[in-house]
Amino acid sequence: MKGSVFNALQEFVETNHGLEAWDTMLNTLDLPSQGIYTSSIKYDDSEMFSIVTYYCEALNVPASDLLRTFGEFLFSKLMPMAPSEAKKAPSLHAFLYMVDNLIHVEVKKIYADSNLPEFDYKDQSDQHLTMIYNSERKLCHLSEGLILGAAKHFGEEVSISQSKCLHEGDDACHIEVRFL
Amino acid sequence: MSEEAQNKVDVLERALKRERAARKLAEMQLENYTRELLEQEVLNDETRMEVENQQTQLSFLTGLLAETWSKPTLNKIVENYLERTCAFLSKPDNLFIELDNQCNYGQFQYYTQSSTESEINEHLQLLKSFLAQLDREKLYDLLQQEQETQLIDTNEISNETQDFYQFCVMVPLYTLALEDKKTVGVAVLLYQDQQDINITKLQTLESSRSMLSIAIERKRAEEELQQQLINLEETNKVLEQTQLQLVGQEKLASLGFLAAGVAHEINNPVGFVLSNLDTMADYIKDIKSALQPLADEPSSTSLPQLSKNYEEYELPFLFEDSDEILKSSVEGLERVKAIVADLSTFSRMENDELEPIDVTKVINKSLNMVSNEFKYKHHIETDLLESATILGIESKLQQVFINLFVNAKQAMAEGGTLYVRCYRERTKIMVRVKDEGKGIPHENIKEIFTPFFTTKAPGEGTGLGLSISYSILQQHNAKVEVLSEPNKGTEFVISFFEFF
Ligand code: HEM
């Protein structure tokens, strides 16, 4: 996972729980990177999971909630990097459709070593969209948060649920997005 | 400072250290990216140059190829090659030299390129002086040793020290071996400076060589073929002319033969008529003298003298002999008249219209013409029809018979009899001309009507006689058959259609 995601996570922790919370975590975990994250460099995925697990225990929250909240925050950090066509998207629906078809495609071009999820789209209508998520990192809850962040950005209201989930033993996560 | 405060400072210090380290990493990363970018750019440039290079090489090769095949002559191919090579290699002055194994120049061409005329002239001058100082034996030897493009010091192939052209690249273009003569064609690219030599381009040049050699060899063969064709055409023309001349000579020969025969035929009677007239002049003189008394004195007294003279001058004999003389003179002149009449037939030679003619008459006339030839050792026996009419041309048919008769006589060098027979066989008029000569060898029979076939010694006959006769007989729709037995004789059997 790219350093930029760790940078965002650090900012997320520091704004919500103070500088010490991040420092204590690093002192406790003794990660291979020593907590020195540079946005364009790739770090081991396990560091991300170690940090997430650490905070879940420390704060006593389920990982899904933590990732969802972080996703919402992460979106505001990622959005400025998005291609201008995505920024000018006419609706949330149109934007979500661009994630797999344009945004991540462009990311892959800039960072060839990036690890990105795969999204398929199903049941597209004015009220509803199913985003089928697939990734070995199983970060479906991060996706939910990202989508919520996007909804906030476009000033739209949505409800999100998963009809299928990798964590439930399904072969993909079906993220059901309802446009209210 | 409180412990809490100290703690906060420590946290901040650690955070700062991490930030610094992260920035260092970011800066290094940036440097790496920049360097990578630069390297990529250099690489891009190199690739672009490589591509450009390959493109010019390719266009040189394809251009050379296309133009080489379209050039009409070897000279033009070479000229094009020098020009293209000079443009492609940008610098050198080019020379083309063809040498044979005696180290003689077959040919040479110069090529130089410049924007100013004065420089071109200057370089052409330099090329010429280089060529003049060239050590041909050395060059030839080098070409024998190495068949591929080679780079050498110009001094190696020069009799004098070269201070303008330092290096030369020799590109052997072709080798031709004709019998004991060997010819090599080589392009010599002359450089003032080793810096100007581009090895990659020279390699391209080398790879164009095999294709060029093929093209040149082809063109050579083509030119050779063309030359052979021209030679053949010339030979053919000469042959045609000779043939025309020979046909003319044959005509002249038969005319000459005719003239000789005619001269003889006419000379004979004219000769004896002349001598007759001489004798007659003597006789008249004698008669005059015998009758002289009649002029001198009156007839009453002259009579005895006249009587005496009558006996003395043998007047009775003179009168009798005069009759004889006059009679034979008239006969002689009549013969001359007949010959002249025959000749007039020949003057109508070119009349091609077939008309009813009498074969018997033609045979007789022809025999008349040649009778002189048969006078001494030869006999002629004839068995002819009273008259036999066919469609034909009298003068031409006469030529045929004369030809057959003369041949027959020539075949019987030791003498013999010529048999001429003419008879009817159903609708045909058959003429058989037979001799008792040496005969025609079996293998020659089918050749005798072929133009120019002759067994006679050179100068004696052209070998056209029988072939002309044959074509005349064909014109008469006549068939000819030859029967011959060595040492027994030859018989020509000719069949005409009778005309009713
Ligand atoms: C609703 C919108 C989006 C969704 C649902 C989404 C989803 C995700 C998820 C789930 C990941 C984690 C990797 C994984 O699961 O395998 C990810 C990574 C990433 N996404 Fe998005 N994304 C969204 C929008 C964006 C935007 C706008 C950008 C901006 C260019 C972006 C750039 C990235 C980058 C750089 C990564 C990290 C790749 C790595 O670490 O190698 N995403 N995204």
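Provided above is the structure to which this section pertains.
Model, not experiment: these values are computed from the prediction. (Residues numbered from 1 in each chain as written. Chains lettered and ligands numbered in written order. Predicted model: local features only at pLDDT ≥ 70, side-chain atom pairs only at ≥ 80, totals over all residues. Heavy atoms only, no water.)

A. The overall build of chain B, seen in detail. In terms of regular secondary structure, chain B is built from ten helices and twelve strands. The buried share among the 500 residues of chain B stands at 36%. Restricting the contact set of chain B to residue pairs at least 6 apart, pairs at least 24 apart contribute 69%. Looking at chain B as shown, the accessible area adds up to about 30400 Å², and 52% of this sits on carbon and sulfur atoms. (Helix = DSSP H or I, 4+ residues; strand = E, 2+ residues; numbered from the N terminus. Buried < 20%, exposed > 50% of the residue type's maximum accessible area, 1.4 Å probe, protein only. Contact = heavy atoms within 4.5 Å. Areas by Shrake-Rupley, 256 points an atom, 1.4 Å probe, with all protein chains shown as cover.)

B. View of the environment of Ala172(A). All names here are of chain A. With respect to the element layout, Ala172 can be found in the loop between strand 3 (158-164) and strand 4 (173-179). For Ala172, a relative accessible area of 6% puts it in the buried group. Taking the C-alpha atoms as reference points, Ala172 and Asn134, separated by 38 residues in sequence, lie 5.4 Å from one another. Setting aside anything within four residues of it in sequence, one finds Ala172 in contact with Ile132, Tyr133, Asn134, Lys164, Cys165 and Leu166.

C. Focus on the nonpolar core. In this structure, Trp22(A), Ile51(A), Tyr55(A), Phe95(A) and Leu96(A) are the most contacted members of the largest nonpolar core, which totals 57 residues. The two domains that each donate at least three residues to this core are domain 1 (3-61) and domain 2 (85-179) of chain A. Within the second largest apolar cluster, 36 residues are counted, among which are Leu367(B), Leu397(B), Phe405(B) and Val431(B). (Core = buried A, V, L, I, M, F, W, Y, C linked by side-chain atoms within 4.5 Å. Domains from an automatic or database assignment.)

D. View of the packing of aromatic side chains. On inspection of all chains with the given rule, the structure shows 16 aromatic pairs over all chains. Seen from their ring centres, Phe12(A) and Phe70(A) are 5.6 Å apart, and the 55 degrees between their planes marks the pair as tilted. Note that Phe12(A) is positioned in helix 1 (residues 3-17) and Phe70(A) in helix 4 (residues 63-78), a separation of 58 residues in sequence. When its relative accessible area of 11% is taken as the criterion, Phe12(A) is described as buried. Ring geometry for Phe401(B) against Phe405(B): centres 6.0 Å apart, planes inclined by 20 degrees, an arrangement best described as stacked. Of the two residues, Phe401(B) and Phe405(B) are both situated in helix 9 (residues 394-411); the distance of four residues between them amounts to about one turn of the helix. The class of Phe401(B) is buried, set by a relative accessible area of 0%. The aromatic ring of Phe88(B) is capped on one face by Lys201(B), whose charged end is 4.9 Å from the ring centroid. Its guanidinium or amino end placed over the ring of Phe497(B), Lys428(B) lies 5.2 Å from that ring's centre, counting from NZ or CZ. (Phe/Tyr/Trp six-rings, centres within 6.5 Å; stacked < 30°, edge-to-face > 60°. Lys NZ or Arg CZ within 6 Å of the ring centre and 35° of its normal.)

E. Highlighting the interface of chain B and chain A. On the chain A side, the residues contacting the twelve residues of chain B number 15 residues. Carbon and sulfur atoms make up 59% of the surface buried where chain B meets chain A, a total of about 1100 Å² over both sides. Area buried by chain B at its contact with chain A is led by Val11(B), Arg18(B) and Leu25(B), which between them contribute 45% of it. Here Arg18(B) ties to Asp23(A) by a salt bridge, and the two come within 3.3 Å at their closest N and O atoms. There are three residue pairs in polar contact (both at pLDDT 80 or more) connecting chain B and chain A. (Buried area = accessible area lost by both parts, 1.4 Å probe. Salt bridge = Lys/Arg side-chain N within 4 Å of Asp/Glu carboxyl O. Polar contact = N/O pair within 3.5 Å; in protein donor to acceptor, adjacent residues only side chain to side chain.)

F. Region of the structure containing the coordination of the iron atom of the ligand. Of all protein atoms, just one serves as a donor to the iron atom of the ligand, and that atom is His104(A) (NE2), at 2.4 Å. Summarising the element assignment, His104(A) is placed in helix 6 (residues 92-110). (Donors = N, O, S within 2.8 Å, 3.2 Å for Na, K, Ca; no water.)

G. Fine view of the packing of helix 1 of chain A against helix 3 (residues 45-59) of chain A. All names here are of chain A. Their axes nearest at 11 Å, the elements helix 1 and helix 3 cross at an angle of 15 degrees. Taken together, the axes of helix 1 and helix 3 lie roughly parallel to each other. For helix 1 against helix 3, the interelement crossing comes out left-handed. Along its contact with helix 1, which presents Val5, Phe6, Leu9, Val13 and His17, the element helix 3 presents Glu47, Met48, Ile51, Tyr55 and Leu59. Across the contact of helix 1 with helix 3, the residue classes break down as eight nonpolar, one polar and one charged. (Axes fitted to C-alpha atoms, helices over the stretch in contact; angles between N-to-C directions. Parallel < 35°, antiparallel > 145°, perpendicular 65-115°, else oblique. Left-handed = near helix turned anticlockwise from the far one by under 90°. Nonpolar A, V, L, I, M, F, W, Y, C, P; charged D, E, K, R; others polar.)

H. Structural context of unusual backbone geometry. Residues and elements named next belong to chain B. We note that Cys103 has phi near 65 degrees; this positive angle belongs to a residue other than glycine. Here Cys103 lies in the loop between strand 1 (93-100) and strand 2 (105-111). Despite not being glycine, Asn477 has its phi angle at roughly 55 degrees, a positive value. The topology assignment puts Asn477 in the loop between helix 10 (465-475) and strand 11 (479-485).

I. Quick peek at the sheet that holds strand 3 of chain A. Residue and element names in this part refer to chain A. Ordered by their spatial adjacency, four strands build an open sheet running 1-2-4-3, and the pairing between neighbours is antiparallel. Both outer strands of the open sheet, strand 1 (118-122) and strand 3, are each paired with one neighbouring strand and no more. The sheet shows a mean angle of 25 degrees between the axes of neighbouring strands, direction not considered. In this structure, strand 3 lies alongside strand 4, joined through six bridges in antiparallel fashion. Residue pairing in the sheet places Ser161 in a bridge with Glu176 of strand 4. Contacting strand 1, strand 2 (128-134), strand 3 and strand 4, helix 6 runs over the sheet at an angle of about 140 degrees to strand 1. Each of strand 1, strand 2, strand 3 and strand 4 is contacted by helix 7 (residues 140-154), which is oriented at about 160 degrees to strand 3, the strand it contacts most. (Pairing = 2+ DSSP bridges.)

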